[in-house]
Amino acid sequence: MTTIITKYGYGKPSDSALAKGEVAVDLNEGILYSSTNGSDIIELGRGELDWDNIVGKPEWITEGEGFIDITELESRVEVNEVGIKNLWDAINKLESDLADANTEIGKNAAAISANAEAIAKNTTDITTNKNNISTLNSQINDVDGLADKVAENTTNIGTNASDIKDLQ
């Protein structure tokens, strides 16, 4: 355990009388002193509380002759308690909403993956069908293709019909 040693005396210590951070007590006035660097002396506090010595206090803390307005202080505490509870409720709701959103994101990611696989299969099928259509188009329209054979058969039907008539 750390031991804190204080000096005591009557009146303000002289410069360089205290080491950096060392504490001294003026027994006459009840004032605490210390040093920030070992060569200066600063006042830390007095035996009696004086609101004028408190730096940065809100104006609403004192009323009239330097007393705390307890009613005002209590109302501010109640407002803050309600506000803090509301913030916690909002945080819990956000966490719940975030968990739900993460679940939906997971489902959507799985669906996107499945759709990507289906799109890849459809792309392959489209390419295959395009090639099959091209092949069929060639079989129909190329020289000696189906179109030429239909034309040739049409001519042959006419010739055959004439030959049949001659034979009869």
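Everything here concerns the structure above.
The structure displayed is predicted, hence computed values, not measured ones. Residue indices follow the written sequence of each chain, beginning from 1 at its first position. With the structure being a predicted model, the display of local features is reserved for residues of pLDDT at least 70 and the display and counting of side-chain atom pairs for 80 or more, all residues being used for whole-chain, interface and lining totals. Hydrogens and water are ignored here; the side-chain numbers use all heavy atoms of the structure.

Chemist: What exactly am I supposed to notice about the overall build of the protein chain here?
Modeler: Secondary structure elements are defined from DSSP: runs of H or I of at least 4 residues count as helices, runs of E of at least 2 residues count as strands, and each element is numbered from the N terminus. Scanning the protein chain from N- to C-terminus turns up two helices and six strands. Starting at the N terminus, the α and β elements of the protein chain follow one another as β-β-β-β-β-β-α-α. Here's how the labels work: a residue is buried when its accessible area is under 20% of the maximum for its type, exposed when over 50%, partly exposed in between, all with a 1.4 Å probe on protein chains only. In the protein chain, which comprises 168 residues, the proportion classed as buried is 7%. Contacts were defined at the residue level, with two residues in contact if any of their heavy atoms lie within 4.5 Å. Of all intrachain contacts in the protein chain linking residues separated by at least 6 positions in sequence, the fraction that spans at least 24 positions is 5%.

Chemist: How should the pairing of strand E3 (residues 31-34) be read in this particular structure?
Modeler: Along any regular strand the residues' side chains alternate between the sheet's two faces. In this analysis, strands are considered paired if DSSP registers two or more bridges between them. Bridge count between strand E2 (residues 23-26) and E3: four bridges; the pairing is antiparallel. Bridge pairing in E3 links aspartate 26 to isoleucine 31. What sits between E2 and E3 in their antiparallel hairpin is a turn of four residues, with glycine 30 showing a positive phi close to 70°. Across three bridges, E3 lies against strand E4 (residues 42-45) in antiparallel orientation. Its bridge partner being in E4, leucine 32 is matched across the sheet by glycine 45.

Chemist: Sorry if this is basic, but what is going on with the pattern of salt bridges here?
Modeler: Pairing is possible between side chains of opposite charge, provided their charged atoms come close. Put simply, a salt bridge is a Lys or Arg side-chain nitrogen that is within 4 Å of an Asp or Glu carboxyl oxygen. A full pass over the atoms with the stated rule returns five salt bridges. Residue lysine 85 is joined to aspartate 89 by a salt bridge in which the shortest nitrogen-to-oxygen separation is 2.7 Å. Of this pair, lysine 85 and aspartate 89 both sit in helix H1 (residues 70-141), four residues apart, roughly one helical turn. For aspartate 89, a relative accessible area of 37% translates into the label partly exposed. Where lysine 107 meets glutamate 104, a salt bridge forms, and the shortest distance between an N and an O atom there is 3.6 Å. One end of the pair is lysine 107 and the other is glutamate 104, both in helix H1 and three residues apart, which spans about a single turn. What makes glutamate 104 partly exposed here is its relative accessible area of 41%.

Chemist: Explanation requested: the sheet that holds E4 in the structure shown.
Modeler: Sheets are built from strands that pair by backbone hydrogen bonding, the pairs being arranged parallel or antiparallel. Spatially, four strands are ordered E1-E2-E3-E4 in an open sheet, and the strand pairing comes out mixed. Each edge of the sheet is formed by a strand with only one pairing partner; in this case those strands are strand E1 (6-9) and E4. Ignoring strand direction, the axes of neighbouring strands in this sheet form an average angle of 30°. Where helices are involved, their axes are fitted lines through C-alpha atoms of the stretch in contact, as for all axes, and angles between N-to-C directions lie from 0 to 180°.

Chemist: I would appreciate a short explanation of the side chain of aspartate 26 in the present structure.
Modeler: Following the sequence through the fold, aspartate 26 ends up in strand E2. By relative accessible area, which is 3% here, aspartate 26 ends up buried. At a separation of 3.4 Å, a polar atom in the side chain of aspartate 26 contacts the main-chain amide nitrogen of glutamate 29. We call two N or O atoms a polar contact when they sit within 3.5 Å, provided that within protein one can donate a hydrogen and the other can accept it, with sequence-adjacent residues counted only if both atoms are side-chain atoms.

Chemist: Can you help me understand the nonpolar core in this one?
Modeler: Side chains of nonpolar character tend, in soluble globular proteins, to be buried together. Core analysis: the largest hydrophobic core is formed by five residues, namely Leu18, Ala24, Ile31, Tyr33 and Ile41. Excluding residues that lie within four positions of it along the chain, leucine 18 makes contacts with Lys7, Pro13, Ala24, Tyr33, Ser34, Ser35, Gly38 and Ile41. Residues belong to one nonpolar core when they are buried, are Ala, Val, Leu, Ile, Met, Phe, Trp, Tyr or Cys, and are joined through side-chain atoms within 4.5 Å.

Chemist: Explain the environment of isoleucine 140 to me, please; I cannot follow it from the model alone.
Modeler: As for its placement among the helices and strands, isoleucine 140 is situated in helix H1. If sequence neighbours within four positions are ignored, isoleucine 140 has contacts with Gly145, Leu146 and Ala147.

Chemist: What exactly am I supposed to notice about a nonpolar patch on the surface here?
Modeler: Together, Tyr8, Tyr10 and Leu27 make up an exposed nonpolar region whose accessible area comes to about 420 Å². Tracing the chain through its elements places tyrosine 10 in the loop between E1 and E2. Only residues whose relative accessible area exceeds 30% and that take part in no salt bridge are eligible for patches, with like-charged residues grouped when within 9 Å of each other and nonpolar side chains (Val, Leu, Ile, Met, Phe, Trp, Tyr) grouped when within 5 Å. Only the protein chains shown count as cover for residues, and all accessible areas are computed by the Shrake-Rupley method using a 1.4 Å probe.

Chemist: I tried to follow the environment of asparagine 137 on my own but got confused; where do I start?
Modeler: Within the secondary structure, asparagine 137 is located in helix H1. Note on asparagine 137: relative accessible area 44%, which makes it partly exposed. Side chain to side chain, asparagine 137 and asparagine 141 meet in a polar contact 2.8 Å long.

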